[in-house]
Amino acid sequence: MIRLRHLAAASAVALSLIVGAPPLAAQWVVFDPNNYAQNVLTAARELQQINNQITSLQNQAQMLISQARNLASLPYSSLQQLESSIQRTQQLLAQAQNIAFNVQQIDHAFQTTYGSANASQSSQALIGNAQARWQNSVAALQDALRVQAGVVGNLDTNRTQMSALVTSSQAATGGLQATQAGNQLLALQAQQLADLTAAVAAQGRAQSLQAAQQAAAQDQAREQLRRFLSPGNGYQPSNVAMFHQ
C-alpha cells in the first residue's frame, strides 16, 4: 500500500510538471529587424525598377507616336492644279501664230520675209513680204495679249492653292507634313515664275517682231527708192508749170 501511495504521488508530481511546463521553442514568433529592413529595401528597389520600366515604355510609346506624326504625309496636294495651270500657259505659247517659238522657224523667217531687199526681188515680192511682216506683228501682239490673259486667269487658282497650302502648313502635325507643305509652296512659286517667264517671252516676241518689221521696212524703202530713181524705169524729170504760167 505504501508503495502504491508513493507511485501515485510521483505520478501526480510528473503530471503537474508536464502541464505547467512552458511551450516548445519552435512555437515562438521571432522578429528580426535587420531582416525586415533588408526585405523592405529589396521591395522598394523592385518597385523602383518597375516604375523605371513603365516610364521607359511610356517614352518609347511617345517616341513611336512622334515618329508616326513626323512620317505622316500631308493630306493635301496642289500638284494637279499647278500642272493644269502650267499646261494652259504652255498651250497658249504653242498656239503662237505664223512664227512660233522655234529657232529653225525664226531663222527661216529672217532669211526670207525679214531678209534684205535686193534687186532680184520683184515689186510684188517686196509688197508680199511687207504684208507678211505686218501680219506677223499683229499676230504676235495678239499672242502676247492671250498669254497675259492666261496668266491673269491663273492668279485666282494660285490664290486658292496658296491659301490651302499655308493652312496645311500651319496645321501640320509632323516634320514631313511641314516639309511637304513647304515644297508645294515652292512649286507654286515656280509655277508663278513660269507664268511670268511666258508673259515676258510673249511680250518680247511681239516687240522683237515689231522692231524687225521696222528694220525690214526701212531696208525695203531704200530698195524701192533706188528702183524709182534708177535710169530706165520710166520716170523722166520735167519742168512743171503751175498756175498756168
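Structure: above.
Remember, predicted model here, so these are calculated numbers, not experimental data.

Calculation rules
Residues numbered from 1 in each chain as written. Predicted model: local features only at pLDDT ≥ 70, side-chain atom pairs only at ≥ 80, totals over all residues. Heavy atoms only, no water. Helix = DSSP H or I, 4+ residues; strand = E, 2+ residues; numbered from the N terminus. Buried < 20%, exposed > 50% of the residue type's maximum accessible area, 1.4 Å probe, protein only. Contact = heavy atoms within 4.5 Å. Phe/Tyr/Trp six-rings, centres within 6.5 Å; stacked < 30°, edge-to-face > 60°. Lys NZ or Arg CZ within 6 Å of the ring centre and 35° of its normal. Core = buried A, V, L, I, M, F, W, Y, C linked by side-chain atoms within 4.5 Å. Salt bridge = Lys/Arg side-chain N within 4 Å of Asp/Glu carboxyl O.

Draft legend 1. Seen up close, the environment of phenylalanine 110. Inspection of the secondary structure assignment puts phenylalanine 110 in helix α4 (residues 103-111). Assessed through its relative accessible area of 40%, phenylalanine 110 is described here as partly exposed. Each C-alpha atom of the pair phenylalanine 110 and alanine 216 lies 9.6 Å from the other, and the pair is 106 residues apart in sequence.

Draft legend 2. A look at the side chain of serine 137. If you trace the backbone, serine 137 turns up in helix α5 (residues 123-170). Beyond its immediate chain neighbours, meaning those up to four positions away, serine 137 contacts Leu209, Gln210 and Gln213.

Draft legend 3. Structural context of the packing of aromatic side chains. Applying the stated rule across the entire model yields 1 aromatic pair. Seen in terms of ring centroids, phenylalanine 110 and tyrosine 114 are 4.9 Å apart; in terms of plane orientation they differ by 20°. Their pairing is stacked. Taking relative accessible area as the criterion, tyrosine 114 reaches 8% and is therefore assigned buried. Against the face of phenylalanine 101 rests arginine 205, its NZ or CZ located 5.3 Å from the ring centre.

Draft legend 4. Representation of unusual backbone geometry. For asparagine 98, which is not glycine, the phi torsion reads 65° and is therefore positive. Along the chain, asparagine 98 falls in the loop between α3 (79-94) and α4.

Draft legend 5. Highlighting the nonpolar core. Ranked by internal contacts, the top residues of the largest apolar core, which has 15 residues, are Ile99, Tyr114, Val147 and Leu209. Looking at this core, the elements that each hand over two or more residues are α5 and α6 (175-229). Broken down by element, the residue count for this core peaks at 7 residues, all from α6.

Draft legend 6. Local environment of the pattern of salt bridges. Per the counting criterion, the structure on display carries 5 salt bridges. Here arginine 222 ties to aspartate 219 by a salt bridge, and the two come within 3.5 Å at their closest N and O atoms. Highlighted residues: arginine 222 and aspartate 219, both in helix α6, separated by 3 residues, approximately one helical turn. Among the salt bridges present, the one from arginine 226 reaches glutamate 223, with a minimum N-O distance of 2.6 Å. With arginine 226 and glutamate 223 both in helix α6, this residue pair falls 3 residues apart, about one helical turn. Look at the salt bridges and you will find they share partners, linking Glu223, Arg226 and Arg227 into a network.

So, to be careful, I would describe these as geometric facts and stop short of saying anything about function.
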